[in-house]
Amino acid sequence: MGVGRAAAEYRRKAEQHPWPPRWLRWLPPSLILVTMALDHATPPRYFFGSLLTASVVLAIFVYRPLGVAATGAIGCLFLAVTVQIEDYIGPMTVVALVVLGSVTLLSVVLCVMLQRAASRYRRVLAVAEAAQLALLRPLPDRIGSLRMAGFYRAADDEALIGGDLYSVRPTPFGVRAIVGDVKGKGINATQTVATVISTFQEAALLHPTLPQVADRIDVALQLDRDNPPPEPVSHTQPEHGADDAKGLVDELFTTAVLLEFTSDARTVQVLDRGHQPLLIVRRHTTSVVPAEHSLPLGMADLLTEPPGTTACRLEPGDILLAYSDGVTEARDSTGTFYPLPERLQHHYATSAQPVSPSDLISFLQEDVTRWAHTLGDDVIAIAFQRI
């Protein structure tokens with residue numbers, strides 16, 4: 001499930017579990033009815049007006065301002081009717097009317113402020129979602145002779161993207177892809193994600209070899225390191241000090257694997273820049289793709305020799321799986337890491353169904369979630385299959 005599908009899934013879950021829940025809307029009128037029942041069943045010396053005040057305060061969270069005002073008006077009307085029926089106006093009744101009227105007025109004002117804040121939050125969330133979808137575009141089901149599927153889950157549940165990244169696009173040199181993991185996670189890594197993806201998408205169309213594409217990304221990351229963005233002006237205490245921020249910039253790098261598929265997807269060139277090893281999943285076997293490992297992107301100044309690519313041949317039905325360390329470092333309740341090759345091997349060794357990218361990704365997503373109920377890192381997995 002890519003970012004686009006993740007956003008749709010997020011909205012679907014929000015619709016299934018709306019806030020506030022529907023049953024909560026019945027509490028304010030229920031409190032008024034309970035107050036009426038208690039007042040009718042008990043002697044006049046007992047007073048339950050505080051429940052009416054509670055109903056107005058609760059209405060702030062479940063109704064609009066007009067509903068809050070209506071709840072307070074009904075409570076005041078109930079007190080007035082009670083006084084007429086019992087033909088007695090005591091100090092407690094007067095105080096209750098004044099308090100209830102004041103609380104109603106303040107609650108309406110507070111409800112208006114909450115409604116405006118919620119509306120502003122929805123607009124900001126929509127803009128953020130649009131920006132994230134533009135950065136990590138939904139993964140297509142097929143490009144030429146290549147079928148693909150994937151899922152992405154950010155460590156921050158409130159964000160659609162984090163420190164993992166991917167991009168797949170057709171080029172004059174074949175279908176090229178990148179799957180990577182920026183140092184760090186969450187919103188703080190988004191800027192580096194943007195740099196890597198935008199540079200890759202441009203360089204993949206212009207440069208004839210993957211090492212040249214990687215060199216261009218190295219240059220872009222070096223520029224980010226040499227020219228860090230200014231710190232945002234804030235009146236709150238910054239999350240990191242100046243020295244910490246400088247350290248984050250100095251350690252700016254991205255582990256990544258770059259792929260280049262031929263037009264018929266029979267062969268894929270692999271350039272591994274410090275990323276997790278690729279896996280090939282066949283009908284009954286799962287194996288690691290041998291590739292030359294090198295330093296991550298952003299560390300080109302430490303390389304003693306330019307990294308080379310490794311050619312891998314794909315048979316019909318083979319699936320090439322690229323993933324981040326968020327998958328292999330997911331832990332169960334005992335602290336055991338998720339054994340990705342073994343889990344895939346066991347699953348497909350006993351499965352009679354042919355392997356497909358969507359089935360593999362669905363199994364992997366569900367299996368990782370069962371293995372580790374809480375994930376402390378961003379998770380990405382992309383499966384490519386020759387048609």
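Source: prediction; values computed, not measured.

Asks: Looking at this structure, I do not really get the overall build of the protein chain. What am I missing?
Replies: Per the secondary structure count, the protein chain includes 11 helices and 11 strands. Expressed as a percentage of its 387 residues, the buried residues of the protein chain come to 42%. For the protein chain, long-range pairs separated by at least 24 residues make up 72% of all intrachain contacts whose partners lie at least 6 apart in sequence. Accessible surface for the protein chain amounts to roughly 20,900 Å². Of this, 61% is attributable to carbon and sulfur atoms.

Asks: I tried to follow the pattern of salt bridges on my own but got confused; where do I start?
Replies: Pairing between side chains becomes possible if they bear opposite charge and their charged atoms approach one another. All chains considered together, the criterion is met by seven salt bridges. Between Glu315 and Arg313 there is a salt bridge, with the nearest N and O atoms lying 3.8 Å from each other. Here Glu315 falls in the partly exposed class, since its relative accessible area comes to 36%. Classification of Arg313 as partly exposed rests on a relative accessible area of 46%. Here Asp367 and Arg343 are joined by a salt bridge, their closest N and O atoms 2.7 Å apart. Taken together, the residues span a long stretch of sequence, with Asp367 in helix α11 (residues 357-371) and Arg343 in helix α10 (residues 340-349) at a distance of 24 residues. Salt bridges sharing common partners tie together Arg343, Asp367 and Arg370.

Asks: Just to check I follow, could you spell out the nonpolar core for this structure?
Replies: The nonpolar side chains of a soluble globular protein tend to be buried with one another. If you look at the biggest cluster of nonpolar residues, it comprises 50 residues, and the most contacted ones within it are Ile178, Leu259, Phe261, Leu320 and Phe384. A per-element tally of this core places helix α6 (residues 190-206) first, with six residues. Excluding residues that lie within four positions of it along the chain, Phe384 makes contacts with Leu146, Arg147, Met148, Val168, Ala177, Leu259, Phe261, Asp318, Ile319 and Leu320. By size, the runner-up hydrophobic cluster in this structure holds 25 residues, among which are Tyr323, Ile361, Phe363 and Leu364.

Asks: Which parts of the structure should I look at to understand the environment of Ala265?
Replies: Tracing the backbone shows Ala265 in the loop between β5 (254-261) and β6 (267-273). Put simply, Ala265 and Leu314 are 49 residues apart on the chain and 7.2 Å apart in space, counted from C-alpha to C-alpha. Contact partners of Ala265, with chain neighbours within four places excluded, come to Ser145, Leu146, Leu314 and Arg386.

Asks: What should I look at first to understand a positive patch on the surface in this one?
Replies: A cluster of basic residues, Arg64, Arg116, Arg120, Arg122 and Arg123, forms a positive patch at the surface. Secondary-structure assignment places Arg120 in helix α5 (residues 91-135). Using a relative accessible area of 48% as the deciding quantity, one classes Arg120 as partly exposed.

Asks: Teacher, can you tell me more about α10 here?
Replies: Every α-helix winds through 3.6 residues per turn, so residues three or four apart in the chain are directed the same way. Considered for burial, the residues of α10 that qualify are Leu340, Leu344 and Tyr348. The buried residues of α10 occupy an angular sector of 45 degrees when the element is viewed end-on, so they sit on one face. Facing away from the buried side of α10 by more than 90 degrees, the exposed set consists of Glu342 and His346. Close packing links the buried residues of α10 with β7 (279-281), β8 (286-288), β10 (319-323), α9 (325-328) and α11.

Asks: It is not clear to me how the packing of aromatic side chains should be interpreted in this structure. Could you clarify?
Replies: One pair of aromatic rings is described through two measures. These are the centre distance and the angle between the planes. Taken as a whole, this structure holds four aromatic pairs when the rule is applied. A ring pair is formed by Tyr338 and Trp371, whose centres lie 5.7 Å apart and whose planes are at 80 degrees; its orientation type is edge-to-face. Of this pair, Tyr338 sits in the loop between α9 and α10 while Trp371 sits in helix α11, placing them 33 residues apart in sequence. Trp371 matches Tyr338 in its accessibility class, with the two residues each being buried.

Asks: Looking at this model, I keep getting lost on the environment of Leu27. Mind explaining?
Replies: Of note, Leu27 is situated in helix α2 (residues 27-41). Linking Leu27 and Val62, residues 35 residues apart in sequence, is a C-alpha distance of 9.2 Å.

Basis of the calculations
- Residues numbered from 1 in each chain as written.
- Predicted model: local features only at pLDDT ≥ 70, side-chain atom pairs only at ≥ 80, totals over all residues.
- Heavy atoms only, no water.
- Helix = DSSP H or I, 4+ residues; strand = E, 2+ residues; numbered from the N terminus.
- Buried < 20%, exposed > 50% of the residue type's maximum accessible area, 1.4 Å probe, protein only.
- Contact = heavy atoms within 4.5 Å.
- Areas by Shrake-Rupley, 256 points an atom, 1.4 Å probe, with all protein chains shown as cover.
- Salt bridge = Lys/Arg side-chain N within 4 Å of Asp/Glu carboxyl O.
- Core = buried A, V, L, I, M, F, W, Y, C linked by side-chain atoms within 4.5 Å.
- Patch = residues over 30% accessible without salt bridge, like charges linked within 9 Å, V, L, I, M, F, W, Y side chains within 5 Å.
- Lys, Arg positive; Asp, Glu negative; His and termini not counted.
- Charge placed at Lys NZ, Arg CZ, Asp CG, Glu CD.
- Arc of directions from axis to C-beta.
- Phe/Tyr/Trp six-rings, centres within 6.5 Å; stacked < 30°, edge-to-face > 60°.

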